[in-house]
Amino acid sequence: MRVSGEPSFRESVDLMFNRAAKLMDLSPGLEQKIRVCNSTYTVRFGVRLRGKIETFTGYRSVHSEHMEPVKGGIRYALSVNQDEVEALAALMTYKCALVETPFGGSKGGLCIDPRQWDEHELEQITRRFAYELIKRDLIHPAQNVPAPDMGTGEREMAWIADQYMRMNTTDINGRACVTGKPPHAGGIQGRVEATGRGVQYALREFFRHPEDMEKAGLSGGLDGKRVIVQGLGNVGYHAAKFLSEEDGCKVIAVIERDGALLDPKGLNVEDVRQWMNRHGGLLAGYPNAKHVADGASVLEEPCDILIPAAMEGVIHLGNAVRIKAPLIIEAANGPITFGADEILRRKGCVIIPDMYANAGGVTVSYFEWVKNLSHIRFGRMQRRAEEARSRLLVEELERLSSDQGLGWSLAEGFKEKFLQGSDELALVRSGLDDTMRTAYQAMREIWHGRQEVEDLRVAAYIVSIGRVAATYRSKGL
Ligand code: GLU
């Protein structure tokens, strides 16, 4: 995918880092300390499967331990390699700093095609990989807390948590060793949708600022905006679903590994996903839209918002000039190479960068980790108390209205809505929304406030690097 002559993913991240660091007043030593990846552990292990020993290669990379635990997902894909996990670990450091989750950055990966193995086999492989990492404290509630990423989900996280607890039977905080678990295994409501939900909240925040929209040549709100989504996995699916069902966006194309579906009137995202679930993740044959075999070419179709939500490096030197979207939101990590980023900027395209755009996942992971450490569900103590206070107010209004003969009547549905205390899902969404708004405002202050800052990516790096540097300094480094 990456055209020759382009830097590797890790180099691309470093080059983007350098663009920002140049505009900051950091000592060369500190700059270097922040940029480099602290360590990468490679593990090769064997699992007896289908009558023979299969050897797997996995990684856990720790980019920065300025705060602990370090945090970041575990990816299952054949393309996993050391360069990639190091790039992703670095992005985790900057992402966590930007959205103020108190973690350093880490990432893991296993070279495997999860589709080749059945559930029981995957469990054996996952438990063995987890065992290797746990015994070296590379999975640990206080030191290193993985989460889902490409190719993994709630199921794998539940196996990892269980493996940790088998090996640490007296650790009362054992469940906090990994996030993204299913709710019945110590997870939190709203974690599965979190990254896609974060993309929605990020776009809502962007569209609250007319000057920012203007930079992309856009106006109005999200309603009616034409959206192209690449990747209808967990992130792309939720982002596309929420934007179309709740904000009036028209999802005019989705791109998957076997091509793309197009419908200028807007696709029914839920229907497409149901089709994919029934047809091995493939789009071909879907009856209600046009299918195009060359999916990558659809990235170049005219639209208002392009959402790459699949892999790194999909917008590169080879196709960047042909991209027509005025606004790109990077739901995936690293979908735009360093060279492509430059071309797009010159064209006036506004890019909402990955470290911000997809930070919803780690934000809700943070809430899950806190929930696990506090051993209580969010809202359990407050919900009914909140409802009782609201009820008091409504009853007083009703009493006033009848006693004074004022004849007031509450708007339809108001009473039910107002009387409802916040459950865990509502609190998670509220915390996520607040996080996405606050982080956007920190970026845009720098974007608009400093003339030499051309784009949101550099602004994001400046905020993040500044925070990491402050932590290192306070440690005496
Ligand atoms: N894998 C996700 C990411 O790249 C989530 C990480 C986490 O929740 O720790 O941000």
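Everything discussed here concerns the structure shown above.
Now for a look at the structure at hand. All figures in this text were calculated on a predicted structure; none of them were measured in a lab.

### Comments concerning the environment of glutamine 143
Part 1 of the argument: Within the secondary structure layout, glutamine 143 lies in the loop between α4 (119-134) and β6 (144-145).
Part 2 of the argument: For glutamine 143, a relative accessible area of 31% corresponds to the partly exposed category.
Part 3 of the argument: As for glutamine 143 and glycine 104, which are separated by 39 residues in sequence, their C-alpha atoms are 9.4 Å apart.
Part 4 of the argument: Setting aside its immediate chain neighbours within four residues, glutamine 143 contacts Pro69, Val70 and Asp137.

### Quick notes on the environment of threonine 195
Part 1 of the argument: Here threonine 195 shows up in helix α6 (residues 194-206).
Part 2 of the argument: We classify threonine 195 as buried; its relative accessible area is 10%.
Part 3 of the argument: When the C-alpha positions of threonine 195 and threonine 363 are compared, they lie 8.7 Å apart, and in sequence the two are 168 residues distant.
Part 4 of the argument: Residue contacts for threonine 195: discarding those within four places in its chain leaves Val235, Ala357, Asn358, Gly360 and Gly361.

### Considering the side chain of asparagine 358
Part 1 of the argument: Residue placement: asparagine 358 occurs in the loop between α11 (354-357) and α12 (360-374).
Part 2 of the argument: There is a polar contact of 2.8 Å between the side chain of asparagine 358 and the side chain of lysine 95.

### Examining the site of the ligand
Part 1 of the argument: Near the ligand you find 14 residues, and of these Lys71, Lys95, Lys107, Asp149 and Ser365 are the closest.
Part 2 of the argument: Arginine 191 is positioned such that a nitrogen or oxygen atom in its side chain is 3.1 Å from an oxygen atom of the ligand.
Part 3 of the argument: Here serine 365 contributes a side-chain N or O atom positioned 2.6 Å from an oxygen atom of the ligand.
Part 4 of the argument: Starting from 290 Å² of accessible surface for the ligand in isolation, the protein chains cover 95%.

About the criteria used
- Residues numbered from 1 in each chain as written.
- Predicted model: local features only at pLDDT ≥ 70, side-chain atom pairs only at ≥ 80, totals over all residues.
- Heavy atoms only, no water.
- Helix = DSSP H or I, 4+ residues; strand = E, 2+ residues; numbered from the N terminus.
- Buried < 20%, exposed > 50% of the residue type's maximum accessible area, 1.4 Å probe, protein only.
- Contact = heavy atoms within 4.5 Å.
- Polar contact = N/O pair within 3.5 Å; in protein donor to acceptor, adjacent residues only side chain to side chain.
- Near = heavy atom within 4 Å.
- Areas by Shrake-Rupley, 256 points an atom, 1.4 Å probe, with all protein chains shown as cover.

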